[in-house]
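# Per-entry structural report
This is what each chain is made of:
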Amino acid sequence: MRLFTTLFLPFLMAGISLPCLASNGFKTAVFSPKIKTLTVNVVDNWGVPPVIELEDGREIEIQFDELSSQPTRFVYTLTHCNADWTPSQLQQSEFMSGFQYLPIQDYDYSKNTRVDYINYKIFLPNQDLTMKVSGNYLVKVFREDDQSKVILTACFAVKESLVDIDMEISSNTDIDFNKEHQQVSFSINLGNNKTIQAQDIKAFVQQNSRTDNQTNLLKVQSIIGNRLDYNHNRNLIFEAGNEYRRFEMITTAYNGMGIESVDYFEPYHHVSLKQDLIRSKRVYSFDKDQNGRIFIRSANAIDYSTESEYCFVHFSLLAEKPFAEDVYILSEMYNYNLDENSRIDYNIESKAYEKTELLKQGVYNYMYVCKKPKTEKAYTALIEGNYYQTENEYTLWVYHRPFGGRYDKLIGVKTF
C-alpha cells in the first residue's frame with residue numbers, strides 16, 4: 001500500500017491549469033477548477049454521440065458538478081457553429097427560438113458525501129429555447145455576476161437525415177495488412193435529392209470521439225450515379241490502438257475492478273489503481289471496453305448524480321525512463337482533450353508516470369497517448385501499441401452547404 005499526504009481541495013484546485021479553446025474550433029471543455037464531471041449525452045441513450053434529430057422530441061442533457069456547498073447562479077448561451085466548430089454566420093433568430101443567458105434552474109445538492117458539490121443539468125431543447133436548423137451547436141456557461149468569463153463549453157449536434165450512409169472498416173489497409181492500422185471506407189447515397197451536389201459535401205471521421213486525430217473535409221474519390229464513394233483514401237487510415245484500460249470505482253467498501261486499494265485519510269477517500277504497464281509489443285488481448293467513455297454510478301446510490309462520492313484517484317504507469325514526447329491520459333474524464341489537465345508527469349524516484357485526480361464514483365475508460373509539443377495529433381504506438389484486432393468506434397459526420405449558403409447543415413451521422 002502506498003501512503004499519501006492528505007490533500008485538501010483548495011490546494012488541489014490551485015494546482016490545476018485551465019485549457020484554452022482550440023484554435024481550429026470549439027470543444028467540450030472546462031475552464032474552472034471548481035467544475036468537475038462535465039458530460040454531454042442524449043437523454044436515455046448513453047453511449048452514442050451527442051446528436052439528436054431536428055424536431056424529433058429527443059433531448060440533449062448537459063450535466064456538471066461545481067465543488068461547492070452553496071449553489072452558484074449560472075446562465076448559458078447557445079451558438080450555432082460551422083462544420084469545423086467555428087461560429088456560423090447565422091443570426092440568433094435564424095437558428096433558435098428563445099433567449100440567451102438563460103439561468104440554469106435544474107440543480108441539486110450532493111447528499112451524504114464527504115466532498116460537497118452541486119449538480120447542474122441543462123436539457124435542450126426546452127420550453128425556453130429550441131433549435132430551428134440542423135448543424136453543430138455550442139453551449140457556453142457563465143456565472144451570472146461575471147459574464148466575461150466562460151466557465152465551460154459543451155458541444156452537441158442536431159441532424160436532419162437527408163442521405164443514406166454505408167461504412168466499412170478493414171485492417172487490410174493501403175499501408176499494411178493485419179498489422180497496426182485500420183482503414184475506413186464509406187459511401188454517401190444522395191437518393192433523389194437534387195439540391196445536394198457532391199462539391200458541397202463536407203465529411204469528417206472520428207475514432208472513439210477523439211478530435212486530435214479526426215480526418216476533416218474529405219474529398220470524394222468517385223461518383224457513381226447518386227452515390228459518392230470515399231475509398232482508398234490515405235487520410236482515412238487510423239492507428240488501430242488498443243482496447244481502453246478501465247477501472248470500476250462504485251464503492252469505498254472494497255476494491256473494484258482495476259483498483260489496488262481504497263484508503264481513507266481524513267477527510268477524503270484515496271483510490272490507488274493497479275499499476276499500469278506499457279502494452280506495446282505485447283500480445284493483443286480483447287476486452288469489452290466503452291471506447292473511452294465514463295459512466296457515473298455508485299453501488300449505494302439511488303440518484304447517481306447527487307449521491308456518488310468524489311475520491312482522489314492515483315494513476316501510475318511504470319516506465320524505466322521518460323518518453324521524449326509528453327504523455328497524456330485520453331478519456332472522457334477529460335472530455336478527450338489533451339492539455340495540461342490530462343498530462344501525466346514522470347517521477348524519477350518511482351520510475352513511473354504518476355497523477356492524482358479528483359473523480360466522481362463510476363466506471364472509467366482511459367488510455368495513455370504520446371504527443372509532441374505544439375502538435376494536435378497524439379499517438380498510441382509507444383505505450384498502448386497498435387493492434388489491428390482492436391474494436392474501435394468510427395463516426396462519420398456529413399455536412400452540406402449549397403453554393404451561397406451561410407451555414408453547414410448536418411445531413412447524416414453514422415457510427416460503425
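Higher on the page you've got the structure.
Overview of the structure.

### Here's the deal with the overall build of the protein
Looking only at helices and strands, the protein has 3 helices and 29 strands in total. Here the protein holds 416 residues, and the buried ones make up 54% of them. Surface summary for the protein: the accessible area is close to 19,400 Å², and the carbon and sulfur share equals 48%. When the 43 positive and 54 negative side-chain charges of the protein are each reduced to one mean point, those points stand 4 Å apart.

### A word on the sheet that holds strand E4 (residues 60-66)
Pairing is antiparallel across the open sheet formed by 4 strands, whose spatial order is E2-E4-E9-E8. Both edges of this open sheet fall to strand E2 (35-42) and strand E8 (106-109), since each of them pairs with a single strand only. Ignoring which end each strand starts from, the neighbouring axes of this sheet average 15 degrees apart. Direction of pairing for E2 relative to E4: antiparallel, over a ladder of 6 bridges. Paired with Val42 across the strands is Ile60, a residue of E4.

### Thoughts on unusual backbone geometry
Here the bond from Leu124 into Pro125 is cis, since omega is -5 degrees, no more than 30 degrees from zero. If you trace the backbone, Pro125 turns up in the loop between strand E9 (118-124) and strand E10 (129-131). At the junction of Glu266 and Pro267, the peptide bond is cis and its omega measures out at 10 degrees in the coordinates. Looking at where Pro267 falls in the secondary structure, it is placed in the loop between strand E20 (259-265) and strand E21 (268-273). The phi dihedral of Asn178 is positive, around 50 degrees, even though this residue is not glycine. With respect to the secondary-structure elements, Asn178 resides in the loop between strand E13 (164-170) and strand E14 (181-189).

### What to know about the side chain of Thr72
Considering the arrangement of structural elements, one finds Thr72 in the loop between E4 and strand E5 (74-81). Other than its neighbours up to four places away in sequence, Thr72 contacts Glu66, Tyr120 and Arg143.

### Focus on the packing of aromatic side chains
Under the definition given, this model contains 21 aromatic pairs. Plain terms: the ring middles of Phe247 and Tyr366 are 5.9 Å apart, the flat faces sit at 65 degrees to each other, and that makes the pair edge-to-face. Placement of the pair is Phe247 in strand E19 (residues 245-249) and Tyr366 in strand E27 (residues 362-371), with a sequence separation of 119 residues. Ring centres of Tyr284 and Tyr387 lie 6.0 Å apart, and the angle between their planes is 40 degrees; this geometry places the pair in the tilted category. One end of the pair, Tyr284, is in the loop between E21 and strand E22 (294-296); the other, Tyr387, is in the loop between E27 and strand E28 (394-400), and 103 residues separate them in sequence. By relative accessible area, which is 19% here, Tyr284 ends up buried. Three or more aromatic residues joined by ring pairs make a cluster, and in this case those are Phe247, Phe315, Tyr364, Tyr366 and Tyr368.

### Topic: the environment of Tyr364
Within the secondary structure layout, Tyr364 lies in strand E27. The buried category is assigned to Tyr364, whose relative accessible area is 2%. For Tyr364 and Phe295, which are 69 residues apart along the polypeptide, the C-alpha to C-alpha distance reads 6.6 Å. What Tyr364 contacts, discounting residues up to four positions off in sequence, is Arg245, Arg246, Phe247, Met249, Arg293, Ile294, Ile296, Met333 and Leu359. Within polar-contact distance, the side chain of Tyr364 engages the backbone oxygen of Lys360 at 2.5 Å.

### Comments concerning the environment of Asp229
Following the sequence through the fold, Asp229 ends up in strand E17 (residues 227-230). Along the chain, Asp229 and Lys149 lie 80 residues apart, while their C-alpha atoms are 44 Å from each other. Apart from the residues lying within four places of it in its own chain, the contact partners of Asp229 are Phe186, Ser187, Val220, Gln221, Ser222 and Ile224. A distance of 2.8 Å separates a polar atom in the side chain of Asp229 from a polar atom in the side chain of Arg227.

Basis of the calculations
- Residues numbered from 1 in each chain as written.
- Predicted model: local features only at pLDDT ≥ 70, side-chain atom pairs only at ≥ 80, totals over all residues.
- Heavy atoms only, no water.
- Helix = DSSP H or I, 4+ residues; strand = E, 2+ residues; numbered from the N terminus.
- Buried < 20%, exposed > 50% of the residue type's maximum accessible area, 1.4 Å probe, protein only.
- Areas by Shrake-Rupley, 256 points an atom, 1.4 Å probe, with all protein chains shown as cover.
- Lys, Arg positive; Asp, Glu negative; His and termini not counted.
- Charge placed at Lys NZ, Arg CZ, Asp CG, Glu CD.
- Pairing = 2+ DSSP bridges.
- Axes fitted to C-alpha atoms, helices over the stretch in contact; angles between N-to-C directions.
- Contact = heavy atoms within 4.5 Å.
- Phe/Tyr/Trp six-rings, centres within 6.5 Å; stacked < 30°, edge-to-face > 60°.
- Polar contact = N/O pair within 3.5 Å; in protein donor to acceptor, adjacent residues only side chain to side chain.

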